[in-house]
Amino acid sequence: VEISNIAGAVTVTGWDRNEVEVTGELGDGVERLEFTSADKLTRIKVVMPNRSWHVEDTTLIVKVPAGSSINVNTVSADVEAHAIKGQQRLQTVSANITTDSGAEDVEVKTVSGDVRVNGDMQKGMLTLTTVSGDATVTRVSGEVNGSTVSGDFSLGLGEMTRARIRLTSGDLSLAAFLPADGRLDVESISGDVGIQLAPPIGAEFDLSSFSGEIENCFGP
C-alpha cells in the first residue's frame, strides 16, 4: 500500500480484513483523493491543483490488511503506523514519525521531524535516517542502522545482532544486550556517545577519540 500526502497527518493501522479503508478529511483547496488498486498494489494520493502554493492540512486514516507492506511519503504531515506486520518505508520532510516494528524490515527517514519506534522484541532490521530530528527506539531487536547530522538518538534495544550508528554533532544513548556473535559500530564527530550493555559481556572493545574523553567501567 502506497500513501502520499503533503500536509496534515497520516495514520495507518493493520486489521484482519482483506480490504483497504480510507477515511479522513481533505483540506480546503485539495483537488481530489486518488484511490486506485491493481493486482497487489493499492495507491492513495492527495492530489493538489497545479501551481497551488497554499496547502491546507489533510487527515488520512487508513486501515490495511495487517500483513501488508506500506510505503508512506509526506512533506509536513505526521505519520503513524500501528499493527503492521509487513515491511514499512516511512518518509517525511518536516513532520514526526511514530511506528511499531516487528519481524519485518522498517525504514524511517526524516529531515527535521522526530522519530519514535516501538518494537516487540522480535528480530528484524531497522534503518533510521535524520538530519536534525531526534530518534527514540524501544524494544527493537536484530539489526539497527542509523545516521544523523545534529539529531540525538536514544536507543533501548533487545538482542542486538548488528548495529551501525553514524552521528556528526548529535548525541547517542544506547542500551542493549550484545550476543556472542553481535557487533556494534559507532562513529561520532563531535557528539557524546553513551553505551550500556547488559551482562554477561564477552566482547572485544576498540575505542578511540581525537579530542574527547573516554570513560569506561573496566578500570583505568
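In what follows, the accompanying structure is described.

Criteria and thresholds
Residues numbered from 1 in each chain as written. Predicted model: local features only at pLDDT ≥ 70, side-chain atom pairs only at ≥ 80, totals over all residues. Heavy atoms only, no water. Helix = DSSP H or I, 4+ residues; strand = E, 2+ residues; numbered from the N terminus. Areas by Shrake-Rupley, 256 points an atom, 1.4 Å probe, with all protein chains shown as cover. Pairing = 2+ DSSP bridges. Contact = heavy atoms within 4.5 Å. Buried < 20%, exposed > 50% of the residue type's maximum accessible area, 1.4 Å probe, protein only. 1 Å grid on protein atoms, 1.4 Å probe; cavity = no way out; pocket = protein on both sides within 12 Å on 5 of 7 lines; lining within 4 Å. Points joined across faces, edges and corners; volume = space filled by probe spheres on them. Nonpolar A, V, L, I, M, F, W, Y, C, P; charged D, E, K, R; others polar.

Some thoughts on the overall build of the chain
A tally of helices and strands in the chain yields zero helices and 16 strands. Based on the C-alpha atoms only, the size of the chain along its principal axes is roughly 65 × 40 × 20 Å. For the chain, the exposed surface amounts to about 12400 Å²; the carbon and sulfur share of it is 46%.

Section: the pairing of strand S1 (residues 2-15)
The sheet contact formed by S1 and strand S6 (residues 70-82) spans 11 bridges and is parallel. The residue bridging Ser 4 from the neighbouring strand is Asn 73, located in S6. When S1 meets strand S4 (residues 41-47), the two strands line up parallel, connected through three bridges. Residue pairing across strands places Ser 4 opposite Lys 45, the latter belonging to S4. Note that S1 and strand S5 (residues 58-65) share eight bridges and pair parallel. Bridging from a neighbouring strand, Val 10 pairs with Leu 60 of S5.

Topic: the environment of Val 115
Structurally, the position occupied by Val 115 is in strand S10 (residues 115-118). Spatially, the C-alpha atoms of Val 115 and Asp 134 are 6.2 Å apart, while their sequence positions differ by 19 residues. Those residues within four positions of Val 115 in sequence are excluded, and the remaining contacts are Ile 97, Val 108, Thr 110, Leu 128, Thr 130, Asp 134, Ala 135 and Thr 136.

Brief notes about unusual backbone geometry
A cis amide bond, omega 0°, links Pro 199 with the succeeding residue Pro 200. Positioned with a positive phi, Arg 139 is a non-glycine residue whose angle comes to about 60°. Within the secondary structure layout, Arg 139 lies in strand S12 (residues 135-148). Classification of Arg 139 by relative accessible area gives partly exposed; the value is 45%.

Describing empty space enclosed by the protein
The full count for this structure, using the stated rule, is one cavity of 30 Å³ or more. Looking at the largest cavity, its volume works out to about 50 Å³. Considering the residues around the largest cavity, the lining is formed by 13 residues, among which Ser 101, Gly 102, Gly 124, Val 140 and Ser 141 are closest to the centre. Those elements that place two or more of their residues in the lining of the largest cavity are strand S11 (123-129) and S12. Across the lining of the largest cavity, the residue classes break down as four nonpolar, six polar and three charged.

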